[in-house]
Structure formats: C-alpha cells, structure tokens
Amino acid sequence: MISNSTIPDNSTAGEKEQSIQTEPGTHVEVHPLGSRARVLLTSVFGPYAQDDQFGSREINPMELYHNQVTRVQGPFSLRMFHRSWGLMMIQSNIKAPCTLLDFPTHDRLIDELKNNEYDVVGISSILVNLRKVQEICQLVRKYQPGAQIVIGGHIANMPDLKDRVDADHIVQGEGIRWFRNYLKEDTHQPVNHPLITSGIGARCLGMNVKEKPSDVAATLIPSVGCPLGCNFCSTSAMFGGKGKFLNFYTTGDDLFEIMVQLEMRMNVSSFFVMDENFLFHKKRALRLLELIEEHNKSWSIYVFASANILRMYSMDQLIRLGISWVWMGLEGESSQYNKLKGIDAHELVKELQDNGVRVLGSTIIGFDEHNSENIDDVIDYAVSYDTDFHQFMLYTPLPGTELHKEMSLQGVIKSDDEYDIVNMHGQHSFNYNHSQIKNGEETEMVTRAFQKDFEINGPSVVRIVRTTLAGWKKHKSHPDPRIRKRYEFDARGLGTSYSAMVAACLHYFEKDPVMKKKLKNLLKELHKEFGMKSRISSLLGGRFLLWKAIREQKKLASGWTYEPPTFYEKNNAYEKTERTKEKSQAVTCEYIDLNCPVSSKKQRSIMSAISTDAQSG
C-alpha cells in the first residue's frame with residue numbers, strides 16, 4: 001500500500017494533502033475531498049476471448065473453468081463468468097459515492113469517462129492485462145485529467161509497475177482499508193459483505209443454464225492471503241507472503257451471521273467460500289458447525305483446501321459441516337511441496353467422492369524435475385486420481401512471488417524482449433528458461449494433460465453426476481434429517497436433466513468403446529435409482545441435448561467465443577449525492593451492512609429465526 005505520486009493541484013482551499021500511517025513504514029496519501037470524492041472502480045475492458053492489440057488472447061478467456069479446467073472438453077466444457085469480487089468488496093465498504101463498471105467494452109469505458117465526472121478511478125487487473133491497464137490510464141488522463149488513478153489486484157505485484165503505467169497509486173494488498181484511509185473514513189468499521197452470485201452466465205452442451213436463485217451458490221469471502229504460502233503463489237505474495245493473511249470475519253459466529261443473511265436475501269443454501277484454505281482455521285470452522293447444527297441449516301459449502309488440512313477433520317465432520325465441493329492441489333509424487341506428505345491422496349479423493357463431495361484437483365506441469373521423458377508419467381499420475389475436474393497449470397514464477405525472486409537471482413527469467421507478458425497466464429509458455437523443457441514444448445505438454453484427462457475420465461459434467469449419485473445413494477437414508485435434506489437438494493436433477501445429459505454423452509461417444517461402457521453403466525445406475533422418470537428423461541432429453549451439443553461444437557469450430565455482460569452499479573452514497581443530475585441507468589449495489597445498531601447476537605438470533613421459519617414454511 002505505497003503511494004508513488006502526489007495529488008493533482010486541483011484541491012480546493014483548506015483541503016490540504018495529508019498522510020495516514022497504516023503500517024510501519026507505509027503511508028497512504030489522503031484525497032483532499034475525502035468521502036466526497038467520486039470514485040469509479042473498473043475491471044479491464046473486453047473483449048477477452050480473442051486476440052487483439054491490447055493483449056487479449058483466445059486461449060485466455062474471462063472464464064475460470066473453460067480457461068484452465070475444462071478447456072479441451074468442447075461442448076461439454078463448463079462455461080461461466082465470475083464478477084470482480086475485490087471491486088465489489090471495496091464498493092460495499094466505502095462511504096464515498098462509488099460507481100462500479102465491471103466487464104465494460106472499450107467503447108463503454110470511454111463513454112463512462114466522457115459523460116461522468118470522477119475524482120478517483122480505481123483499476124483492478126491481473127498481470128497479463130498490462131496493456132489494457134496502460135490504455136485505461138491514458139483514457140483517464142484524456143477524459144478525466146483531474147482524477148487520481150489507483151491500480152490494484154495481482155498486477156500490483158509487478159515490482160516495476162510504477163514505471164510501466166501512468167498511475168498515482170499502486171495498491172499492494174488489501175484494498176478496503178487502503179481506500180478507507182485514502183478517503184478519510186473509519187478503518188475500524190466492520191467489513192460489509194456484498195451479495196455475490198458465485199457464477200453468472202452458466203452454459204454447457206450448447207445451452208444457457210436457466211437457474212433459479214436457489215440453485216446458485218453465494219460467494220462468501222472470509223479472508224485474503226494464505227496461511228501456507230507456496231513460493232509460486234501470487235495470492236500469498238499479494239497479501240504479504242508466506243503465512244500472512246487477513247481475516248475479515250474471525251469467528252464462526254461472524255461467519256454464521258453473514259451466511260444467514262446471504263441465505264435470506266439471496267434465497268440460497270449453497271456457499272462458494274473464496275478463501276485460500278478455509279478449513280485451516282479449525283476453531284472457527286468447528287464453531288460454525290455448532291451453529292449450523294444448532295439452527296438446523298442444510299447448507300452446502302464449497303471450499304479450497306489442501307490434503308493435509310482436510311485430514312485434520314473426520315469425514316463425518318466434513319459431511320456435517322456441509323462440505324460438498326473441494327478444490328485441492330495434487331502436486332505429484334516427487335514434488336518439493338509437502339501438502340500431500342504422509343497422505344494417501346488417492347484414497348482421500350476416493351473417500352470424498354464416495355460421500356458425494358466433488359473434487360477439483362490441480363496439477364502443475366513444469367517442475368524442475370519434469371522433462372520430455374517423464375512428462376507422460378506425470379500426466380498419467382494426475383489423471384489416475386479421476387477427480388471430477390482437473391486443472392493443469394504451467395509452473396510460473398509470477399513477478400512479486402518468492403519463486404520469481406529466486407529465479408531472477410539464478411538469471412533464468414526471460415527479458416521483455418524474449419517473452420510477451422500477455423502469455424503469462426499458465427496455459428501457454430514459460431516466462432523463464434526451464435533447465436530441461438526447451439523450445440516451447442510446454443505449450444503442447446499442458447494441452448496433452450487436459451486431453452489425456454478428458455480421454456480417460458470423460459466430460460467433467462458426467463463425473464459430477466457420478467459423484468453426486470454416489471453421495472445420494474450413501475446418505476439418502478442418513479439418520480440426521482438436516483443432512484438428508486442437503487443430499488436431496490444436490491440430487492434433485494439426477495432423475496431428469498442429469499439423466500438426459502448422460503444419455504446425450506452416451507450417444508456422443510458411441511464410437512468410443514471404453515467411454516461408452518462407463519456412460520452406459522452410469523445411466524443404468526440412474527435408471528435403477530430413479531426409475532421411469534430417468535428412463536423417459538434420457539430417452540427424450542438425451543437426443544435433444546445431443547443435437548444441442550453438436551450445434552455447439554460447430555459454433556466453436558467456426559470461432560465463436562463467449563463474453564460476459566457489462567455490469568454497471570452505484571452505491572447508496574452515489575445515488576444520494578446532489579451531483580447526480582440525471583436518472584442513472586445503473587443498479588444499486590447490495591451488501592450486508594454490519595453497522596446495524598442492533599447487537600450482533602440479537603441480529604443473528606432474529607435473522608436465524610426468520611430464515612428457519614422461511615425454510616419450514
């Protein structure tokens with residue numbers, strides 16, 4: 001959180017520059033207008049899934065799953081977008097009038113800058129979008145010459161960013177406190193939580209998934225940083241390095257209060273927990289479990305967790321807590337990272353899946369010991385886990401990480417003349433000279449890994465059906481009605497839409513004897529468990545979904561790409577300001593206000609009672 005420029009000479013009389021110390025040796029300049037400053041927060045502009053002069057690349061779309069998890073699965077790839085959660089958190093926690101422009105086009109961004117006056121423009125980005133950030137800075141200087149430019153996000157890890165962009169402030173680390181300091185607001189206020197839908201625009205097999213609000217998970221953000229801190233992790237580096245993290249909600253009671261309000265206001269029962277290792281904080285997690293059981297909540301919780309942390313809990317505890325989806329690192333047999341040390345990870349993955357817990361495994365290609373002779377063994381080992389999803393990423397020393405520092409000292413990091421930063425996304429090429437993998441071989445290696453996983457284990461959406469069915473069969477008669485209710489909710493589509501999807505895949509893979517056998521056996525299980533409705537759904541819906549999948553395949557082959565919609569939101573302070581001359585087309589951002597005068601304990605009791613009544617009614 002270091003400022004590297006001064007405030008422009010457009011401050012009014014009596015509004016002198018100030019500096020507030022936030023951490024030892026670190027200062028934040030204060031904007032002269034304080035909370036009266038008009039703030040625009042923006043993500044980088046699109047398009048995102050096509051090659052252009054600003055660094056967009058077809059191989060690097062704005063889709064987490066299709067980008068780095070299911071990208072070779074064609075019409076079976078899971079397609080969806082995720083909002084810029086960090087910007088939403090900041091907007092929900094400052095009192096200054098604030099507009100959020102998420103996923104704008106280039107023209108839409110220019111229109112906003114030309115037709116609305118701002119005192120501060122905040123930009124969030126990752127490293128590969130450097131050229132877009134440079135372009136946005138130029139546009140701000142052109143159309144908003146009096147505005148201060150603030151840049152944050154992973155791109156702020158770049159040590160020489162201040163020399164590459166025309167910005168006033170580079171914010172490394174947590175942005176809420178930085179902005180509160182910058183705008184002369186109380187940094188000790190509780191952190192309000194925005195209402196965030198975990199994924200938007202879901203699409204698969206050529207169909208836009210029409211989901212009711214109750215079918216989608218809410219995003220829950222308990223903390224930033226990571227208690228473990230692998231040396232290649234840019235998130236860990238962003239928030240201070242190994243072992244550094246900041247909890248927004250430190251107790252199970254705090255989390256339960258947030259989750260109850262998300263449940264009530266968003267009509268959800270599932271939560272995607274955006275926390276690098278949520279279960280690491282065992283005392284908080286077990287207290288949350290107590291409250292979940294006390295208030296009879298049948299919630300599903302999706303988490304990131306390392307194998308050694310998962311083994312701190314019994315399977316019974318994980319099931320009672322509602323853990324339904326786990327993203328975990330599977331670094332390989334000879335990895336120097338010890339998250340799997342002393343653990344039979346294959347056994348763990350199988351145990352989770354047998355209990356209906358979907359597993360997204362993550363494997364890195366390009367460790368020091370990897371080469372063209374052993375890479376197939378590395379890939380085969382990863383594929384043998386048969387996880388529901390599998391992410392493959394190139395070993396990448398991102399600027400700002402300890403790994404980048406180590407490799408810089410070794411003299412193996414490529415210069416700007418040798419390497420284009422737009423390719424530093426982990427799916428294309430190394431930004432350093434690997435000791436054993438040369439001449440761009442890594443590009444084919446990571447693609448080979450995805451293809452092998454798809455070839456052997458099949459579409460991830462089908463693996464999800466398999467795991468969900470296993471959990472349903474095992475726990476449909478669980479003695480705890482709260483747990484039975486959760487498994488019933490997870491299994492609600494198995495006899496209908498999921499049966500149709502498996503049937504469509506069976507037709508699609510008609511000429512693949514191994515995959516055909518797997519799919520046929522899974523469909524038989526569905527028919528046996530759900531009877532006539534499964535048979536009818538597979539018979540009628542299967543052919544229809546096959547037709548949709550083939551159409552989707554043709555669209556993809558013709559170069560069709562998927563882009564997110566633009567979001568335009570203003571906070572309450574902006575709506576109330578006298579400077580708003582015309583009725584805005586923006587919607588008002590929504591968040592859980594923790595500055596409520598009612599005590600937390602009483603508020604939680606009220607919210608829980610309301611929510612419980614709503615469920616039982």
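Everything numeric here is computed off the predicted structure, so don't read it as measured data.

Peer 1: Please explain the overall build of the protein chain as it appears in this structure.
Peer 2: Looking only at helices and strands, one finds 21 helices and 23 strands in the protein chain. Within the protein chain, the proportion of its 617 residues that are buried is 58%. Long-range pairs, those at least 24 residues apart, make up 76% of the contacts in the protein chain between residues at least 6 apart in sequence. For the protein chain, the accessible area works out to roughly 26300 Å², and carbon and sulfur atoms hold 51% of it.

Peer 1: Which parts of the structure should I look at to understand the layout of surface pockets?
Peer 2: Empty space among the atoms becomes visible once a probe the size of a water molecule is rolled across them. Empty space within the largest pocket amounts to approximately 1600 Å³. Along the wall of the largest pocket there are 45 residues; nearest its centre are Ala202, Val209, Glu211, Asp215 and Tyr498. For the lining of the largest pocket, the secondary-structure elements that each account for two or more residues are helix H1 (64-68), strand E11 (200-204), strand E12 (207-208), strand E16 (270-273), helix H16 (460-475), helix H17 (481-490), helix H18 (497-508) and helix H19 (513-557). Sorting elements by how many residues they give to the lining of the largest pocket places E11 first, with four residues. Taken together, the residues that form the lining of the largest pocket break down as 26 nonpolar, twelve polar and seven charged.

Peer 1: Explain the packing of aromatic side chains here, please?
Peer 2: Note on aromatic pairs: each is described by the distance of the centres and the angle between the planes. According to the stated counting rule, one finds 29 aromatic pairs in the structure shown. Plain terms: the ring middles of Phe544 and Trp547 are 6.0 Å apart, the flat faces sit at 45° to each other, and that makes the pair tilted. With Phe544 and Trp547 both in helix H19 and three residues apart, the pair spans about one turn of that helix. Since its relative accessible area comes to 45%, Trp547 is described here as partly exposed. The ring of Tyr313 carries Lys282 above its face, with NZ or CZ at 5.3 Å from the centroid. The ring of Tyr487 carries Arg486 above its face, with NZ or CZ at 4.6 Å from the centroid.

Peer 1: Please clarify how unusual backbone geometry should be interpreted in this entry.
Peer 2: Peptide bonds are mostly trans, and most non-glycine residues show a negative phi. Note that the residue after Gly46, namely Pro47, is joined by a cis bond; omega there is 5°. Within the secondary structure layout, Pro47 lies in the loop between strand E4 (39-43) and H1. Positive phi is not limited to glycine here, since Phe103 has a value of about 60°. Secondary-structure assignment places Phe103 in the loop between strand E6 (98-102) and helix H3 (106-115).

Peer 1: Would you mind showing me how to read the sheet that holds E12 here?
Peer 2: Across a sheet, paired strands are connected by hydrogen bonds in the backbone, their directions being either parallel or antiparallel. Within the open sheet, the three strands sit side by side as E5-E11-E12. Their pairing is antiparallel. Two strands in the sheet have a free side with no partner beyond their single neighbour: strand E5 (79-81) and E12.

Peer 1: What am I meant to see in the pairing of E4 here?
Peer 2: Each regular strand carries side chains that alternate between the two faces of the sheet. Counting buried residues along E4, five of its five residues qualify, which places the element largely inside the surrounding structure. Side chains of E4 alternate between two faces, with Val39, Leu41 and Ser43 and Leu40 and Thr42 buried alike. In this structure, E4 lies alongside E6, joined through four bridges in parallel fashion. Bridge assignment links Thr42 to a residue of E6, and that residue is Leu101.

Peer 1: Can you walk me through the pairing of strand E17 (residues 300-304) in this structure?
Peer 2: Burial analysis of E17 places five of its five residues in the buried class, the great majority of the element. Of the two faces of E17, the one lined by Ser300, Tyr302 and Phe304 and the one lined by Ile301 and Val303 are each fully buried. Taken together, the four bridges between E17 and strand E18 (residues 323-329) define a ladder with parallel strand orientation. Paired with Tyr302 across the strands is Trp325, a residue of E18.

Peer 1: What is the right way to look at the environment of Tyr432 in this model?
Peer 2: Its place among the elements puts Tyr432 in the loop between helix H14 (402-410) and helix H15 (441-457). Put simply, Tyr432 and His404 are 28 residues apart on the chain and 9.3 Å apart in space, counted from C-alpha to C-alpha. Ignoring anything within four residues of it in the chain, the contact list for Tyr432 reads Gly366, Tyr395, Pro397, Met407, Val412, Ile413 and Lys414. Side-chain polar atoms of Tyr432 contact the backbone oxygen of Tyr395, separated by 3.5 Å.

Peer 1: Would you mind going over the pattern of salt bridges with me for this structure?
Peer 2: Pairing between side chains of opposite charge can happen when their charged atoms approach one another. With the rule as written, the count across this model stands at 37 salt bridges. Salt-bridge contacts for Arg108 lead to Asp111; the nearest nitrogen and oxygen are separated by 3.7 Å. Residue Arg108 and its partner Asp111 are located together in helix H3, separated by three residues, close to a single helical turn. Residue classification places Asp111 among the partly exposed positions, given a relative accessible area of 38%.

Peer 1: Could you clarify how one ought to interpret the side chain of Thr467 in this entry?
Peer 2: Within the fold, Thr467 resides in helix H16. Once you skip the residues sitting within four places of it in the chain, Thr467 turns out to touch Gln353, Gly356, Val357, Arg358 and Asp388.

Peer 1: Explanation requested: the environment of Val191 in the structure shown.
Peer 2: Tracing the backbone through its elements, the reader meets Val191 in the loop between helix H6 (175-182) and strand E10 (193-194). Given a relative accessible area of 12%, Val191 falls into the buried group. As for Val191 and Phe248, which are separated by 57 residues in sequence, their C-alpha atoms are 6.4 Å apart.

Peer 1: I keep staring at the nonpolar core and nothing clicks. Help me out?
Peer 2: The nonpolar side chains of soluble globular proteins are, as a tendency, buried together. Among the nonpolar cores identified, the biggest contains 90 residues, and Phe179, Leu279 and Met328 are the most heavily contacted of them. With seven residues, the single largest contributor to this core is helix H8 (residues 252-266). Look past the residues within four positions of Met328 in its chain and what remains in contact with it is Ala305, Ala307, Leu310, Leu348, Val349, Leu352, Val359, Leu360, Gly361 and Ser362. Judged by nonpolar contacts, the second largest core, of 42 residues, contains Leu130, Ile136, Val165 and Tyr419.

Rules used in this analysis
Residues numbered from 1 in each chain as written. Predicted model: local features only at pLDDT ≥ 70, side-chain atom pairs only at ≥ 80, totals over all residues. Heavy atoms only, no water. Helix = DSSP H or I, 4+ residues; strand = E, 2+ residues; numbered from the N terminus. Buried < 20%, exposed > 50% of the residue type's maximum accessible area, 1.4 Å probe, protein only. Contact = heavy atoms within 4.5 Å. Areas by Shrake-Rupley, 256 points an atom, 1.4 Å probe, with all protein chains shown as cover. 1 Å grid on protein atoms, 1.4 Å probe; cavity = no way out; pocket = protein on both sides within 12 Å on 5 of 7 lines; lining within 4 Å. Points joined across faces, edges and corners; volume = space filled by probe spheres on them. Nonpolar A, V, L, I, M, F, W, Y, C, P; charged D, E, K, R; others polar. Phe/Tyr/Trp six-rings, centres within 6.5 Å; stacked < 30°, edge-to-face > 60°. Lys NZ or Arg CZ within 6 Å of the ring centre and 35° of its normal. Pairing = 2+ DSSP bridges. Polar contact = N/O pair within 3.5 Å; in protein donor to acceptor, adjacent residues only side chain to side chain. Salt bridge = Lys/Arg side-chain N within 4 Å of Asp/Glu carboxyl O. Core = buried A, V, L, I, M, F, W, Y, C linked by side-chain atoms within 4.5 Å.

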